[in-house]
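# Residue-level structure breakdown
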2 protein chains.
Amino acid sequence: MNKLFNQPLSIINIGLPRFAESVQAQGVPTLHLDWSPPLVPHYSHTRNGTSIDAANQEAIERLLAGRPMIVGLGLARDVIPNLTNHTILHAGPPIEWEHMCGPTRGAILGALVYEGLAPDPEAAATMVDELHFAPCHHHHAVGPMAGVISPSMPVWIIENATYGNRAYCTLNEGLGKVLRYGAYGEEVYQRLHWMADILYPILAEAVAFSGPIDLRSMIAQALHMGDECHNRNRAGTSLLLRALGPALARTCTNTEYLAQVLEFIDGNDHFFLNLAMPAAKATLEPAEGIEGSTIITIMARNGTDFGIQVSGAAGQWFTAPAAQVDGLYLPGYNEDDANPDIGDSTITETAGYGAFAMAGAPAIASFVGGTAQDAIATTLEMYTICFAEHQHLTIPALEFRGTPLGLDVRLIMETGILPKLNTGIAHKHPGIGMVGAGVLRAPYQSFADAFEAITTW
Amino acid sequence: MNKLFNQPLSIINIGLPRFAESVQAQGVPTLHLDWSPPLVPHYSHTRNGTSIDAANQEAIERLLAGRPMIVGLGLARDVIPNLTNHTILHAGPPIEWEHMCGPTRGAILGALVYEGLAPDPEAAATMVDELHFAPCHHHHAVGPMAGVISPSMPVWIIENATYGNRAYCTLNEGLGKVLRYGAYGEEVYQRLHWMADILYPILAEAVAFSGPIDLRSMIAQALHMGDECHNRNRAGTSLLLRALGPALARTCTNTEYLAQVLEFIDGNDHFFLNLAMPAAKATLEPAEGIEGSTIITIMARNGTDFGIQVSGAAGQWFTAPAAQVDGLYLPGYNEDDANPDIGDSTITETAGYGAFAMAGAPAIASFVGGTAQDAIATTLEMYTICFAEHQHLTIPALEFRGTPLGLDVRLIMETGILPKLNTGIAHKHPGIGMVGAGVLRAPYQSFADAFEAITTW
């Protein structure tokens, strides 16, 4: 022992990094191996004997079979099932007004003014008792950030051609001072009215003329063009414009309006986000409700809570407090302004893209922070907590390997590796809007509770 | 010595790979280090004392200052300087009819029929003595593949806003049976006439309305979206459509024609190639004629010869036989059908993109062959023969490192590393068209001769 410590040491540290750090502090060459023993044993069957692997395989097959298509647009009240005139949908798991965060409240107040139900946000605030709030996910819909959908908003209609189910999402407003980031005011209402009065009917007519547009193919292409289809949608937006262009030209008789529509979409590289999201939702819904499956079918946040649903326990939310985002901020803002993680857009990660496809989107580093090497590492790490790999969505930089698909609560608990999420950052106060974008890990407790529910089946 | 060879060996081989191969064949672990001594000494000054480094630095500064912009479209006869009605431009260095390859002859014969000068290719073949053939490069133009420009073809006009010089290129026809790959026939003529009669005036009016369009910015974005702007132009084509869309809508009164134009461009992911090329040409011309500079300002092939020009010996071609392409072939074709390397499109590599930016375009592997790792390796290798790195064109996957810029004949001779080129492959017989795409090295002799010319200045 004396001999050992009298010669130069090279240390390999396995487990807690603190040991490596203290040795390193003394100038000893140290390699830290980031390893920990499995937190929980591997469960291959539920308590009643159902094979979890077989159930998960079934879930993956349904995900891979999904064919999300744009089939049309409509007003929320006309097309989203069970939406009364006093229902306001929001992102994430269920939440009452009392516990809603600033941006969700801001978006709801703004939506009430937009709907003509109140003259201003102050008056709108007195009406909230008359309203019914529900998660978008309870109505086959998804909403980025605050995710507010009010009855007269136009929405995309996405149909999974294989299973016939439909999903819905509003049209993307752009960045900055926009409703989904909790902003309100004349600029916000005017843009929403232009979107409903000009953009919506023109897009609706073009889609009706062109016929269904294949979103899985478009997402697959966009992943080959530097998008991860969550926080970077420049390629997806470009491909959508290419696909719609001829039909827009043939159906829009007012060429000035046509030019405005093209300019609006060209001016907003996130326009495709509101298609990447319902495409994911339409793909995931058929994988819900498979007995014994530990595949996650929903991850969503309302700005207060983060919540998941698992295929084998469909309809049941497992929630935890929403985490803070590690982000890059717009000039004039910092982390003190930031609301916790918010929005349904983590449906993209749930469906195998977004942060999970970061390896194909190195340019996103300038938007959410980090390096190209981090982006590769993120995708590689996510493989360890996914049950399978995608067959249709691939990453050229990883030699066309499929993206990580099918988040498995078991693997998250065994490895202790939490899903990485990309996201925008809203100001924590109502009425202001976007302040940045970044990345974070989903909170542990949701997965622990879902796992607990599974192991006690 | 006996002791050495009686223990397990691990070999590091430096230099000729044959040694490594024979040891490896005997099952001995072998690491081959690809190294060779400098082929020639490093020259820092020309014979008359001019600093080569200073001259090259000046060339790089001019390249970096270049701002290629789309400023309009016109007919070749009206806008390309010194083009008589009997001049036919072609790709690559000068060549007489007798030595022209099949695809160049095919494209010329097809162009004569398109111009209405002959009823069919056979009749056109009897007219070639009446024509004047010249390289595109002698008229500030570039042409992909056969690169044929005849007087009534519409061309893009690209102006370098910093230096005022202009470059020209035809509009891209698409892939397959097209004139630039040496094809002729009714399908080819009809497409060319539609392009001149419908596409050209509509694009010309839109560009006139929109004002100059910044190609350097568009190329920079496309490199962040998986294009290398030579053999992959899906992102560039998308971004061009986005940029032109509103102006097209505002200027084109015939919405059916507008739809056809949008469809034609959407249907051809290579449409942007014919902008990436003249953008490179417009950027490189101001770097010509710097005394003592060993920076290459032109690489081009006519399908028979490969040729380069070097800044310090402007106007002088250094040629070598065009090489065969290592490619992927369309169904029904193989390397026996392939014409040697052809076209002016290597102007993209000369300007720091194309194969030099492969690291940012891993998806191109499905078009030209190779792996994503090969793509990274190509870019890294090209840094060793370039004088500088680009400041405006960057590669996210390499942590936003600038692309290799300024091919230096000295470095090519010192290292023995020849420039890698991406390219399409034309059938060797006239009248057929595209048979594949691939990669290759530029031939050694051009660089050796240019180097010789420099060292004897």
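Residues numbered from 1 in each chain as written. Chains lettered and ligands numbered in written order. Predicted model: local features only at pLDDT ≥ 70, side-chain atom pairs only at ≥ 80, totals over all residues.

Looking only at helices and strands, one finds 16 helices and 17 strands in chain A. By the compact-globule yardstick of 23 Å for 457 residues, chain A fits well, its C-alpha radius of gyration being 23 Å. Within the span of chain A, comprising 457 residues, buried residues form 56% of the whole. Pairs at least 24 residues apart make up 73% of the contacts formed inside chain A by residues separated by at least 6 positions. (Helix = DSSP H or I, 4+ residues; strand = E, 2+ residues; numbered from the N terminus. Rg over C-alpha atoms; globule rule 2.2 N^0.38 Å. Buried ≥ 20, exposed ≤ 12 C-beta atoms within 10 Å, placed from the backbone. Contact = placed C-beta atoms within 7 Å.)

On to the packing of helix 8 (residues 215-223) of chain B against helix 11 (residues 273-284) of chain B, then. All names here are of chain B. Two numbers describe how helix 8 lies on helix 11: the axes approach to 10 Å, and their chain directions differ by 120°. The angle between helix 8 and helix 11 falls in the class oblique. Handedness of the helix 8/helix 11 crossing: left-handed. Between helix 8 and helix 11, the contacting residues are Leu215, Arg216 and Ile219 on the first element and Leu275, Ala276 and Ala279 on the second. Residues that form the contact of helix 8 with helix 11 fall into these classes: five nonpolar, no polar and one charged. (Axes fitted to C-alpha atoms, helices over the stretch in contact; angles between N-to-C directions. Parallel < 35°, antiparallel > 145°, perpendicular 65-115°, else oblique. Left-handed = near helix turned anticlockwise from the far one by under 90°. Nonpolar A, V, L, I, M, F, W, Y, C, P; charged D, E, K, R; others polar.)

At the junction of the two partners, chain A supplies 28 residues and chain B supplies 28 residues. Contributions of two or more residues to the side of chain A that touches chain B are made by helix 9 (234-251) and helix 10 (255-266) of chain A. A total of 10 residues in the side of chain A that touches chain B trace back to one element, the largest contributor, which is helix 9 of chain A.

Once that is clear, we can look at the pairing of strand 7 (residues 166-170) of chain B. All names here are of chain B. Most of strand 7 sits out of view: five of its five residues are buried. Side-chain alternation along strand 7 places Arg166, Tyr168 and Thr170 on one buried face and Ala167 and Cys169 on a second face that is also buried. Hairpin remark: strand 6 (residues 154-160) followed by strand 7, antiparallel, with five residues in the connecting loop; positive phi at Gly164, about 85°. (Pairing = 2+ DSSP bridges.)

Let's shift gears to the sheet that holds strand 7 of chain B. Residue and element names in this part refer to chain B. Reading across from one edge, 7-6-3-8 is the order of the four strands in this open sheet, with antiparallel pairing throughout. Taken across any chain shown, the strands that pair with only one partner, and hence form the sheet edges, are strand 7 and strand 8 (213-214). Relative to strand 7, strand 6 runs antiparallel, the two sharing five bridges. When the bridges of strand 7 are listed, Ile157 appears paired with Tyr168. Its contacts with the sheet put helix 7 (residues 186-210) on strand 3 (68-75), strand 6 and strand 8, and the angle it makes with strand 3 is roughly 140°.

For the rest of this paragraph, the subject is the relation of the copies chain A and chain B. Here two copies of a chain appear, and what relates them is a rotation about an axis with a shift along it. At an RMSD of 0.2 Å, chain A and chain B line up after a rotation of 180° and a shift of 0.2 Å along the axis. A rotation of that kind, with that shift, is consistent with a two-fold axis. Among all C-alpha atoms of chain A, that of Met225 of chain A lies closest to the rotation axis, at 2.2 Å. Here 100% of the interface residues in chain A have copies in chain B that are interface residues too; the copies meet face to matching face. (Least-squares fit on C-alpha atoms with pLDDT ≥ 70 in both.)

Bringing the sheet that holds strand 7 (residues 166-170) of chain A into the picture now. All names here are of chain A. With antiparallel pairing, four strands are arranged side by side in an open sheet as 7-6-3-8. Edge positions in the sheet fall to strand 7 and strand 8 (213-214), since each of these pairs with one other strand and no more. Pairing geometry for strand 3 (residues 68-75) and strand 8, over two bridges, is antiparallel. Within strand 8, the position partnered with Met69 by the bridge is Asp214.

All names here are of chain B. Contact pair helix 7 / helix 10 (residues 255-266): the axes reach a minimum separation of 10 Å and the direction vectors enclose 95°. Considering their axes alone, helix 7 and helix 10 lie roughly perpendicular with respect to each other. Within the contact between the two elements, helix 7 uses Ile198, Leu199 and Ile202 and helix 10 uses Tyr257, Leu258, Gln260, Val261 and Phe264. For the contact of helix 7 with helix 10, the per-class residue count stands at seven nonpolar, one polar and no charged.

For the rest of this paragraph, the subject is the nonpolar core. Core analysis: the largest hydrophobic core is formed by 295 residues, its most contacted members being Val155, Trp156 and Ile219 of chain A together with Val155, Trp156 and Ile219 of chain B. Those residues in contact with Ile219 of chain A that sit more than four places away from it in its chain are Cys229, Gly236, Ala276, Ala279, Tyr353 and Leu393 of chain A. (Core = buried A, V, L, I, M, F, W, Y, C linked by C-beta atoms within 7 Å.)

Our next topic: unusual backbone geometry. One non-glycine residue, Met145 of chain A, lies in positive phi territory at about 55°. Residues other than glycine seldom take positive phi values, yet Cys229 of chain B does so here, at roughly 65°. Structurally, the position occupied by Cys229 of chain B is in the loop between helix 8 and helix 9 (234-251).

A few words on the domain arrangement of chain A. All names here are of chain A. For chain A, the domain assignment lists domain 1 (2-33), domain 2 (52-61 + 289-455) and domain 3 (67-278). A straight line from the C-alpha centre of domain 2 to that of domain 3 covers 21 Å. With 45 residues of domain 2 at the contact, the number on the domain 3 side is 48 residues. The leading source of residues in the side of domain 2 that touches domain 3 is strand 9 (residues 296-302), at four residues. Grouping the constituent residues of the side of domain 2 that touches domain 3 by class yields 23 nonpolar, 18 polar and four charged. (Domains from an automatic or database assignment.)

Per-residue confidence for chain A gives a mean pLDDT of 94, with 99% of residues at or over 70. Note on the complex model: pTM 0.92, ipTM 0.90. (pLDDT = per-residue confidence, 0-100.)

Let's shift gears to the environment of Ala196 of chain A. Within the fold, Ala196 of chain A resides in helix 7 (residues 186-210). With residues near it in sequence (within four places) discarded, Ala196 of chain A still touches Ser152, Met153 and Pro154 of chain A.

Residue and element names in this part refer to chain A. Here Ile52 shows up in helix 3 (residues 52-65). Note: C-alpha distance between Ile52 and Ser10 (42 residues apart in sequence) is 43 Å. Not counting chain neighbours up to four residues away, the residues in contact with Ile52 comprise Tyr43, Ser44, His45, Thr46, Gly292, Thr294 and Arg410.

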